[in-house]
Amino acid sequence: MENPFVFGKTVGRADFCNRSRDIEFMHHQFNTNANTILISPRRWGKSSLVEEAARKYADKKVSFVFIDLFKCRTPEEFYEAYVQALLKTTNSKLDEAFQFANKWLKGLLPHLSFQPDPNTEFAIKFQAHTSVNVDDVINLSQTIAKRKGIRIILCIDEFQNVNHFPHPIDFQRKLRSYWQRHDRVHYCLYGSKRHLMSQLFESSDLPFYKFGAVHYLKKIEIEEWVPFIVGKFKKTGKEISKEHVLKVCKAMESHSYYTQHAFQILWYLSSTKVLDEDVDKALERLGEQNELQFQKIIESLTTYQLNFVKALTQGVEALHSKQTIKEFALGTTATIQRSIQALLQKDVIDVMGKEITIIDPAFKWWFIRSFSS
Ligand SMILES: Nc1ncnc2c1ncn2[C@@H]1O[C@H](COP(=O)(O)OP(=O)(O)OP(=O)(O)O)[C@@H](O)[C@H]1O
Ligand SMILES: [Mg+2]
């Protein structure tokens, strides 16, 4: 029997747990053509949500185009990925894409090279040493939508990467000035660096201010996980109690990726009925499997930062109090501020108002076990 728990790639259909309200919200956004900004820490399920919302969206006159900015570091790389994704998704064959460009994209055509590709049917690249007209490129989404009589929903993952492009503000200003005039294209922009994403869309002096509705994705509720997980065990001939599910979900703080990972291990090492010791062993294994990565994080921390993490994992709330500073050797209040900034940069913590949390629940779980004495 195949292990029913999936992690490390986006999930959909039977592997997708609930999120019915988020899907409803996304569909409402798609229906009203209002742009959407989706923000959550890493691996909570943004990409899966957008894909599942797209799959469940019934309107056949809508084309979903997906772009991942994970590897894009310059506007040129962005433009190429943009043109490629738009032309490929809205044309099923190389010939069709070429005909379309030949008819409607006269300015752009001389700069494009169309090549067959064994893995993905065909590839579209910019000709070497070419200088394309940026206006034509950015308007391509609207041009295609108009000429093909469709609506396009353009989904751009890891959008915060535009912050690392050379002259980021100029680039963003340009994008926004065109995109805001596109009435046939809905932009769904998402990313995992919360502080960068909120800055991009919520700072009144930046070009993307109020570009769309900002949605902070929440974790899947524990009550949703329970039937999902119990059902998966049952379908594969195994039994797990609600208490065991709760114990794992709590240890992993309902984090989507780690919840799936932990149950994948638990399913694998349990017999037909999950026992108490199986649960402990599964969490232990999960810690072991990530140990190298966690140790690397530890090695990257200064003593003050490490002590700060210790205080956090012990649930200390008055982090700036004299007593805490002394007990955990946190330096001075200025040192604490520097530790917070460094830990934010290293993606170890997240700060929401006054609340500071450790981003990775498995790291936290492992840290408590390794450093509590
Ligand atoms: N709705 C869901 N139901 C069940 N598992 C989910 C769900 N959403 C996400 N997951 C689990 O979390 C993992 C990460 O999901 P996904 O890649 O969609 O997150 P992400 O927020 O886009 O991550 P990243 O920040 O790395 O881009 C998936 O591989 C899957 O194991
Ligand atoms: Mg993602």
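Small disclaimer: the values here were computed from a predicted structure and weren't measured. (Residues numbered from 1 in each chain as written. Chains lettered and ligands numbered in written order. Predicted model: local features only at pLDDT ≥ 70, side-chain atom pairs only at ≥ 80, totals over all residues. Heavy atoms only, no water.)

Chemist: Hey, could you go over helix 10 (residues 242–251) for me, with residue numbers and the actual values?
Modeler: For helix 10, the complete set of buried residues consists of His-244, Val-245, Val-248, Cys-249 and Ala-251. Buried residues in helix 10, looked at end-on, bunch into an arc of 165°, giving them a common side. Residues of helix 10 that are exposed and point over 90 degrees away from its buried face: Glu-243 and Lys-250. Buried residues in helix 10 make contact with helix 9 (222–235), helix 11 (256–269), helix 12 (276–299) and helix 16 (361–371). Positive backbone phi, at 50°, marks Glu-253, one or two positions downstream of helix 10. (Buried < 20%, exposed > 50% of the residue type's maximum accessible area, 1.4 Å probe, protein only. Helix = DSSP H or I, 4+ residues; strand = E, 2+ residues; numbered from the N terminus. Arc of directions from axis to C-beta. Contact = heavy atoms within 4.5 Å.)

Chemist: How would you summarise the nonpolar core if you had to cite specific residues and measurements?
Modeler: If you look at the biggest cluster of nonpolar residues, it comprises 53 residues, and the most contacted ones within it are Ile-229, Phe-233, Met-252, Phe-263, Leu-266, Phe-308 and Phe-363. Every element with two or more residues in this core is listed here: helix 9, helix 10, helix 11, helix 12, helix 13 (303–313), helix 15 (333–345), strand 9 (355–358) and helix 16. With eight residues, helix 11 is the largest single contributor of residues to this core. Both domains that furnish three or more residues to this core are identified here as domain 2 (222–296) and domain 3 (301–371). Residues within four places of Phe-363 in sequence aside, it is in contact with Phe-294, Ile-297, Ile-298, Val-309, Val-348 and Ile-358. Counting residues in hydrophobic clusters, the runner-up holds 50 residues, among them Leu-112, Phe-114, Ile-150 and Phe-208. (Core = buried A, V, L, I, M, F, W, Y, C linked by side-chain atoms within 4.5 Å. Domains from an automatic or database assignment.)

Chemist: Give me the lowdown on the site of ligand 1, citing residues and values where you can.
Modeler: As a structural note, the neighbourhood of ligand 1 is formed by 22 residues, with Val-6, Lys-9, Arg-42, Lys-46 and Ser-48 the closest of them. At 2.7 Å from an oxygen atom of ligand 1 is found a side-chain nitrogen or oxygen belonging to Arg-42. About the coverage of ligand 1: the protein hides 95% of its 630 Å² of free accessible area. More than half of the atoms of ligand 1 fall within 2 Å of the grid points belonging to the largest pocket. Among the secondary structure elements, those contributing two or more residues to the shell around ligand 1 are helix 2 (46–56) and helix 11. Residues belonging to the shell around ligand 1 are distributed by class as follows: nine nonpolar, seven polar and six charged. Each of two domains, domain 1 (19–216) and domain 2 (222–296), supplies a minimum of three residues to the shell around ligand 1. (Near = heavy atom within 4 Å. Polar contact = N/O pair within 3.5 Å; in protein donor to acceptor, adjacent residues only side chain to side chain. Areas by Shrake-Rupley, 256 points an atom, 1.4 Å probe, with all protein chains shown as cover. 1 Å grid on protein atoms, 1.4 Å probe; cavity = no way out; pocket = protein on both sides within 12 Å on 5 of 7 lines; lining within 4 Å. Sits in = over half its atoms within 2 Å of the grid points. Nonpolar A, V, L, I, M, F, W, Y, C, P; charged D, E, K, R; others polar.)

Chemist: Run through the pairing of strand 3 (residues 112–117), naming residues and quoting values.
Modeler: Where strand 3 and strand 4 (residues 121–126) come together, six bridges link them in antiparallel fashion. The partner of Leu-112 across the bridge, within strand 4, is Phe-126. What sits between strand 3 and strand 4 in their antiparallel hairpin is a turn of three residues. (Pairing = 2+ DSSP bridges.)

Chemist: Any chance you could break down the packing of helix 9 against helix 11 for me, citing the residues and the numbers?
Modeler: With their axes 12 Å apart at the nearest point, helix 9 and helix 11 run at an angle of 30° to one another. Considering the angle they form, helix 9 stands roughly parallel to helix 11. Here helix 9 runs over helix 11; the crossing is right-handed. Along the contact surface, helix 9 presents Trp-225, Phe-228, Ile-229 and Phe-233, while helix 11 presents Ser-256, Thr-259, Gln-260, Phe-263, Leu-266 and Trp-267. (Axes fitted to C-alpha atoms, helices over the stretch in contact; angles between N-to-C directions. Parallel < 35°, antiparallel > 145°, perpendicular 65-115°, else oblique. Left-handed = near helix turned anticlockwise from the far one by under 90°.)

Chemist: Quick rundown of the sheet that holds strand 2 (residues 62–68)? Include the residues and the values.
Modeler: Strand order in the open sheet formed by five strands is 2-5-6-1-7, with parallel pairing between adjacent strands. The sheet is open, and its two borders are formed by strand 2 and strand 7 (213–216), each paired with just one other strand. Taken over all neighbouring pairs, the strand axes of this sheet differ in orientation by 15° on average, direction set aside. By the bridge criterion, four bridges tie strand 1 (residues 36–39) to strand 7 in an arrangement that is parallel. Residue pairing in the sheet places Ile-37 in a bridge with Val-214 of strand 7. Each of strand 1, strand 6 (185–191) and strand 7 touches helix 8 (residues 194–202); the most contacted strand, strand 1, lies at about 155° to it.

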